[in-house]
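# Chain and residue survey
As a plain string of letters, each chain reads:
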Amino acid sequence: METYIQIIANGLMLGALYACIAVGFSLVWGVLNVINMLHGSFIVLGGYLAFFAWAQLGVSPFVMLFVVAAALFLLGFLIQYGAINRVVSKPVLLTLTLTFGLDLILYNFMNVVFEATPRRITLDLGSLGIGEVMLPYDRLLAMLLALAMTGILYWVLRSSRIGRAIVAVRMDRDAAALMGIRVNKVYAITFGISAMMAGACGALMAVVYPITTNTTGLLLGKAFTICVIGGLGSVPGALVGGLALGLIESFAGTWLGAQYAILIGSLLMLTLLMVRPTGLIGKRGYE
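Here's what I pulled together on the structure shown here. Quick caveat: nothing in here was measured; it's all calculated off a predicted structure.

### A word on the overall build of the chain
Counting its regular elements, the chain contains 11 helices and two strands. When its helices and strands are written in sequence order, the chain yields α-α-α-α-β-β-α-α-α-α-α-α-α. Relative to a compact globule of 287 residues, whose C-alpha radius of gyration would be 19 Å, the chain shows 19 Å and is just as compact. Projected onto its principal axes, the C-alpha positions of the chain cover 60 × 45 × 35 Å. The buried share of the chain, taken over its 287 residues, is 51%. Across the chain, the fraction of contacts at a sequence separation of at least 24, relative to all contacts at a separation of at least 6, is 78%. If you sum the accessible surface of the chain, you get close to 13,300 Å²; carbon and sulfur atoms cover 68% of it.

### As for the packing of aromatic side chains
Counting across every chain of the model gives 13 aromatic pairs. Ring geometry for Tyr 48 versus Phe 114: centroids 4.8 Å apart, planes at 25°, classification stacked. Here Phe 114 lies in the loop between α4 (92-113) and β1 (127-130) and Tyr 48 lies in helix α2 (residues 39-57), a separation of 66 residues in the sequence. Both residues of the pair, Tyr 48 and Phe 114, belong to the buried class. In textbook terms, an aromatic cluster arises when at least three aromatic residues are bridged by ring pairs, as seen for Tyr 48, Phe 51, Phe 52, Trp 54 and Phe 114. For Arg 139, the ring lying beneath its charged end belongs to Tyr 209, and the centroid distance is 5.6 Å.

### Focus on empty space enclosed by the protein
Applying the stated criterion across every chain, the model contains one cavity of 30 Å³ or more. In this structure, the largest cavity encloses a volume near 50 Å³. Residue lining of the largest cavity: Met 13, Leu 14, Leu 17, Arg 139, Ala 142, Met 143, Val 208 and Tyr 209, and that is the complete set. Elements with a minimum of two residues in the lining of the largest cavity: α1 (2-32) and α5 (137-159). Considered class by class, the residues forming the lining of the largest cavity number seven nonpolar, no polar and one charged.

### With respect to the packing of α5 against helix α8 (residues 183-208)
Contact geometry of α5 with α8 gives a least axis separation of 9 Å together with a crossing angle of 170°. Classed by the angle they form, the pair α5 and α8 counts as roughly antiparallel. Contacts from Asp 138, Arg 139, Ala 142, Leu 145, Ala 146, Met 149, Thr 150 and Leu 153 in α5 reach Ile 193, Met 197, Ala 200, Cys 201, Leu 204, Val 207 and Val 208 in α8.

### Focus: the pattern of salt bridges
One pass over the full model with this rule turns up one salt bridge. One salt bridge connects Glu 249 with Lys 222, and the closest N-O pair in it is separated by 2.7 Å. In this pair, Glu 249 sits in helix α10 (residues 235-255) while Lys 222 sits in helix α9 (residues 216-230), placing the two residues 27 residues apart along the sequence. Per residue, the accessibility class of Glu 249 equals that of Lys 222, and both read buried.

### Side note on the nonpolar core
One broad trend across soluble globular proteins is that nonpolar side chains are buried collectively. Membership of the largest hydrophobic core comes to 84 residues, with the highest contact counts inside it found for Ile 21, Leu 32, Phe 42, Phe 191, Leu 204 and Met 205. The dominant element in this core, judged by the number of residues it contributes, is α8, at 17 residues. With residues up to four places along the chain from it excluded, the contact list for Phe 191 reads Val 28, Leu 32, Asn 36, Leu 38, Phe 42, Gly 76, Ile 79, Gln 80 and Ile 84.

About the criteria used
- Residues numbered from 1 in each chain as written.
- Predicted model: local features only at pLDDT ≥ 70, side-chain atom pairs only at ≥ 80, totals over all residues.
- Heavy atoms only, no water.
- Helix = DSSP H or I, 4+ residues; strand = E, 2+ residues; numbered from the N terminus.
- Rg over C-alpha atoms; globule rule 2.2 N^0.38 Å.
- Buried < 20%, exposed > 50% of the residue type's maximum accessible area, 1.4 Å probe, protein only.
- Contact = heavy atoms within 4.5 Å.
- Areas by Shrake-Rupley, 256 points an atom, 1.4 Å probe, with all protein chains shown as cover.
- Phe/Tyr/Trp six-rings, centres within 6.5 Å; stacked < 30°, edge-to-face > 60°.
- Lys NZ or Arg CZ within 6 Å of the ring centre and 35° of its normal.
- 1 Å grid on protein atoms, 1.4 Å probe; cavity = no way out; pocket = protein on both sides within 12 Å on 5 of 7 lines; lining within 4 Å.
- Points joined across faces, edges and corners; volume = space filled by probe spheres on them.
- Nonpolar A, V, L, I, M, F, W, Y, C, P; charged D, E, K, R; others polar.
- Axes fitted to C-alpha atoms, helices over the stretch in contact; angles between N-to-C directions.
- Parallel < 35°, antiparallel > 145°, perpendicular 65-115°, else oblique.
- Salt bridge = Lys/Arg side-chain N within 4 Å of Asp/Glu carboxyl O.
- Core = buried A, V, L, I, M, F, W, Y, C linked by side-chain atoms within 4.5 Å.

Shown next, in the form of structure tokens:
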């Protein structure tokens, strides 16, 4: 029983990070109808910034988290406002190609500046022991911060003025424009929020896993998988999908081996696409 509790605890800690990874990707896809190929690189960039701040300046990644979030928000806002907004109303294939090209630029920039050597922030914070179940404090704190950021984003979308504007644009762009909402600015803010969440999550992931440019595609794939599992277009969907994938990978890695964890998650995604395209708690219209 203690073994199963440990597996569940590991899965929930991993799933919280996964939810934080996917929520920004889901937001851009659901609001802008843009499949953001930059998302994985944003996560890795946030991890690199947190690592070098810790290694060279001694800044805690849990403090650097806020600096990284602000920097990535500005970067995402400028990319959307200056480039993607010009083609956002075009067919999905065109925006997909544009974000893919931008991702290649950012990916190669990181390879030149940071190199592809895996880097990880090692914090000796000890562990919380509950019987035989061990919860490392660094992973526990990363999980709580990831859940907190996801919850804050949900509150912003539900209760703030900019959140209501984002929801209005998602529901009907033309009607929102007639009500005086500056659609292009809302798009840029939405993309900035997505980049902010990705960068902040990257800073947290650097505490748990090694960060390298070779993982950009893997992280992008996980964001896509989580959106399909949980449902596109909502924060709860990303949260449910992230926790579900974290638990599935935790159990699959224990029972079958770590090399099968990603395979099992992918099979679940394909199964849901066939039997429930909206995901576990998704809404119709976002399949």
